[in-house]
Amino acid sequence: MLHFRSFGPAVARSSLREALRAGLGAFVGLGLAGLFVLAPRVDLTLGLYLVAPFGASSVLLFAVPNSPLAQPWSAIVGNVVAALVGVAVCLTVPDPVLRIALAVGLAIAATILCRALHPPAGAVAMTAAMSPEAVRELGFLFAIVPIGLGTVVLVAVAIVYGRLTGRHYPFRHFDEAGARKSRDGEPVDRSGLTEAELTEILERYRQSFNLGVEDLARLIGAAELRVAAHRAGPTTAADVMSRNLVTVAPDAGLAEIADLFRRHRFTALPVVGAENRFFGVIFQLHLIDRARADALRLDRGFGPAMRRLIERDRDRPVRAADIMGVAGPRAVPETPLAAVLPMMADGAVDAVPVLDRGRLVGIVTRTDLVAALARSSLEPAPD
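These numbers were taken from a predicted model, which means no experiment stands behind them.

What counts, and where the lines are drawn
- Residues numbered from 1 in each chain as written.
- Predicted model: local features only at pLDDT ≥ 70, side-chain atom pairs only at ≥ 80, totals over all residues.
- Heavy atoms only, no water.
- Helix = DSSP H or I, 4+ residues; strand = E, 2+ residues; numbered from the N terminus.
- Buried < 20%, exposed > 50% of the residue type's maximum accessible area, 1.4 Å probe, protein only.
- Contact = heavy atoms within 4.5 Å.
- Areas by Shrake-Rupley, 256 points an atom, 1.4 Å probe, with all protein chains shown as cover.
- Expected span 1.5 Å × (residues − 1).
- Arc of directions from axis to C-beta.
- Patch = residues over 30% accessible without salt bridge, like charges linked within 9 Å, V, L, I, M, F, W, Y side chains within 5 Å.
- Salt bridge = Lys/Arg side-chain N within 4 Å of Asp/Glu carboxyl O.
- Axes fitted to C-alpha atoms, helices over the stretch in contact; angles between N-to-C directions.
- Parallel < 35°, antiparallel > 145°, perpendicular 65-115°, else oblique.
- Nonpolar A, V, L, I, M, F, W, Y, C, P; charged D, E, K, R; others polar.
- Pairing = 2+ DSSP bridges.
- Core = buried A, V, L, I, M, F, W, Y, C linked by side-chain atoms within 4.5 Å.
- Polar contact = N/O pair within 3.5 Å; in protein donor to acceptor, adjacent residues only side chain to side chain.
- Phe/Tyr/Trp six-rings, centres within 6.5 Å; stacked < 30°, edge-to-face > 60°.

Participant: Lay out the overall build of the chain in plain terms, naming residues and giving numbers.
Facilitator: Within the chain, the secondary structure is distributed over 16 helices and 4 strands. Split into buried and exposed, the 383 residues of the chain put 40% on the buried side. Sequence separation of at least 24 residues holds for 63% of the intrachain contacts in the chain that already meet a minimum separation of 6. With an accessible surface of roughly 21,800 Å², the chain has 61% of that area assigned to carbon and sulfur atoms.

Participant: Tell me about helix α1 (residues 16–37), and name the residues and values.
Facilitator: Residues separated by three or four positions in an α-helix point in the same direction, a consequence of the helix having 3.6 residues per turn. Under the 1.5 Å per step criterion, the end-to-end length of α1 is 31 Å for 22 residues, consistent within 8% with the ideal 32 Å. Buried residues of α1: Arg21, Ala22, Gly25, Ala26, Gly29 and Ala33, and no others. In a view along the axis of α1, the buried residues occupy a sector of 130°, so they form one face of it. Seen from the buried face of α1, the exposed residues on the opposite side, beyond 90 degrees, are Leu16, Arg17, Leu20, Phe27, Leu35 and Phe36.

Participant: With reference to specific residues and values, describe a nonpolar patch on the surface.
Facilitator: Residues Leu32, Leu35 and Phe36 make up a contiguous nonpolar surface patch of about 350 Å² in total accessible area. As for its position among the elements, phenylalanine 36 is in helix α1. Relative accessible area serves as the criterion here: at 63%, phenylalanine 36 is assigned to the exposed category.

Participant: Can you lay out the environment of leucine 48 for me, pointing to particular residues and giving the numbers?
Facilitator: In this structure, leucine 48 sits in the loop between α1 and α2 (53–63). Leucine 48 sits 96 residues away from isoleucine 144 along the chain, and the two C-alpha atoms are 9.7 Å apart. Not counting residues up to four positions away in its chain, the partners in contact with leucine 48 are Val37, Leu38, Ala39, Asp43, Val145 and Leu149.

Participant: Please provide a residue-by-residue account of the packing of α2 against helix α5 (residues 120–129), values included.
Facilitator: Between α2 and α5, the shortest axis-to-axis distance is 8 Å and the interhelical angle comes to 175°. Here α2 lies roughly antiparallel to α5, going by the angle between them. Here Pro53, Ala56, Ser57 and Leu60 of α2 lie close against α5, whose contacting residues are Pro120, Ala123, Val124 and Thr127. For the contact of α2 with α5, the per-class residue count stands at 6 nonpolar, 2 polar and no charged.

Participant: Any details on the pairing of strand β1 (residues 268–272)? Residues and values, ideally.
Facilitator: The buried count for β1 comes to 5 of 5 residues, which makes it a mostly enclosed element. Burial of β1 is two-sided: the residues Ala268, Pro270 and Val272 facing one way and the residues Leu269 and Val271 facing the other way are all buried. For β1 and strand β2 (residues 278–283), the ladder comprises 5 bridges, and the chain directions are antiparallel. Within the sheet, the bridge partner assigned to leucine 269 lies in β2 and is isoleucine 282. Counting the residues that bridge the hairpin from β1 to β2 gives 5 residues, and of these glutamate 275 lies at a positive phi of roughly 55°.

Participant: A description of the pattern of salt bridges should follow, citing residues and the corresponding values.
Facilitator: Taken as a whole, this structure holds 8 salt bridges when the rule is applied. For glutamate 200, the salt bridge is made with arginine 204, and the minimal N-O distance between the two is 2.8 Å. Residue glutamate 200 and its partner arginine 204 are located together in helix α8 (residues 195–204), separated by 4 residues, close to a single helical turn. Under the relative-accessibility criterion, glutamate 200 is labelled partly exposed at 37%. Here aspartate 350 and arginine 366 are joined by a salt bridge, their closest N and O atoms 3.1 Å apart. Of the two residues, aspartate 350 sits in the loop between α15 (337–345) and β3 (351–356) while arginine 366 sits in helix α16 (residues 366–378), which places them 16 residues apart along the sequence. Overall, arginine 366 belongs to the partly exposed group, its relative accessible area being 32%.

Participant: Break down the nonpolar core for me, citing the residues and quoting the values.
Facilitator: Of all hydrophobic cores here, the largest spans 43 residues; its most connected members are Leu61, Phe62, Phe142 and Ile147. Those elements that provide at least two residues to this core are α1, α2, α3 (72–92), α4 (96–113), α5, α6 (132–138) and α7 (144–164). At 9 residues, the largest contribution of residues to this core is made by α3. If we skip the residues at most four places from it in the chain, phenylalanine 62 touches Arg21, Ala22, Gly25, Ala26, Gly29, Leu154, Val157, Ala158 and Tyr161. The next biggest cluster of nonpolar side chains, apart from the first, holds 24 residues, and it includes Leu337, Met344, Leu355 and Ile363.

Participant: Kindly report on helix α11 (residues 254–264), identifying the contributing residues and their values.
Facilitator: Those residues of α11 not exposed but buried are Leu254, Ile257, Ala258, Leu260 and Phe261. The buried residues of α11 occupy an angular sector of 155° when the element is viewed end-on, so they sit on one face. Away from its buried face, by an angle of more than 90 degrees, α11 presents the exposed residues Arg262 and Arg263.

Participant: With reference to specific residues and values, describe the side chain of aspartate 368.
Facilitator: Positionally, aspartate 368 belongs in helix α16. At 2.9 Å, the side chain of aspartate 368 forms a polar contact with the backbone nitrogen of threonine 365. If we ignore the near neighbours within four places in the chain, the residues touching aspartate 368 are Val240, Met241, Ser242 and Ile363.

Participant: Mind laying out the packing of aromatic side chains, listing which residues take part and the relevant values?
Facilitator: Applying the stated criterion across every chain yields a total of 1 aromatic pair. A centroid spacing of 5.9 Å and a plane angle of 75° characterise the contact between phenylalanine 62 and tyrosine 161, whose relative ring orientation is edge-to-face. Highlighted residues: phenylalanine 62 in helix α2 and tyrosine 161 in helix α7, separated in sequence by 99 residues. Phenylalanine 62 sits in the buried class, given a relative accessible area of 1%.

So yeah, pure geometry; function would need other evidence.
Put into structure tokens, the structure is as follows:
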């Protein structure tokens, strides 16, 4: 039975920031293509002009860059193959209605066989079939310019723009090294399933065009992580956080910070001001990065470099506020454990500060999480 809700939005709600990121990306991509490579008006002499399907390609490249249909192979090969099909049909079929329908149908079949399905490619074939004058003038060159060249420009801009705005395009393949250059992949993505098994799931449910293997692994891993957190019950950050904290002031020196890390064997050290006002967190990685930079300048190992850095700190002070991280995840006492767990699952941070109106009241470490999950696994299941 058809339900009226079927006519409502099927896409999950997105943030204003993401909407602006995608729109700005399309503006930049098409703007650069039109400014430096292609003209906004038809030029049948050189063939360097913008076509409407580039707008559709921009939607995929900048709004849904994780889609298999938006990847470079799909975009470039898909558009070029569709253009070749459209030109061939335009040159051989005189009837306009039959020509358009045949060009789009054959383009879809050809791009699927080439593993390069790209929705705007249908519009590319249709554009060729509807433009007999341009096809007579340009012939199969139409597939190279404007189609091939224009798509390459959009893909190149999408790659750079994605890196600049924190998105990964093209998407990482299943067996590609992760952020730590390890073949193990990111911890949150490890589902225990092989690439072949994940591919079989996508094919069984006919989702190969909508989702990549890497994305499916990431979704399964995230779902398993959430299930593990739910097993802990209605636990909150306040239930598991460490409360008796060792902190440093923003003007604390490197010698004091290094001594605290050594004596307490912490992995994270909160930085607070008056009335426990939270400023940031210093992770061991911050000290290592600082020592690495000094080691590169001095061409020495990390040990001597750290000592040299601390000695130099007496003459040119480097304080806690200079090396602390301020952009990491945060929680409040009421934050569910199910929400805290994913914050540390990717290994980017070792602890999450818990704040109450800007004041530090606790910190959830990896040890706290492991202990909470261990306790929940030992509790008897409810009847």
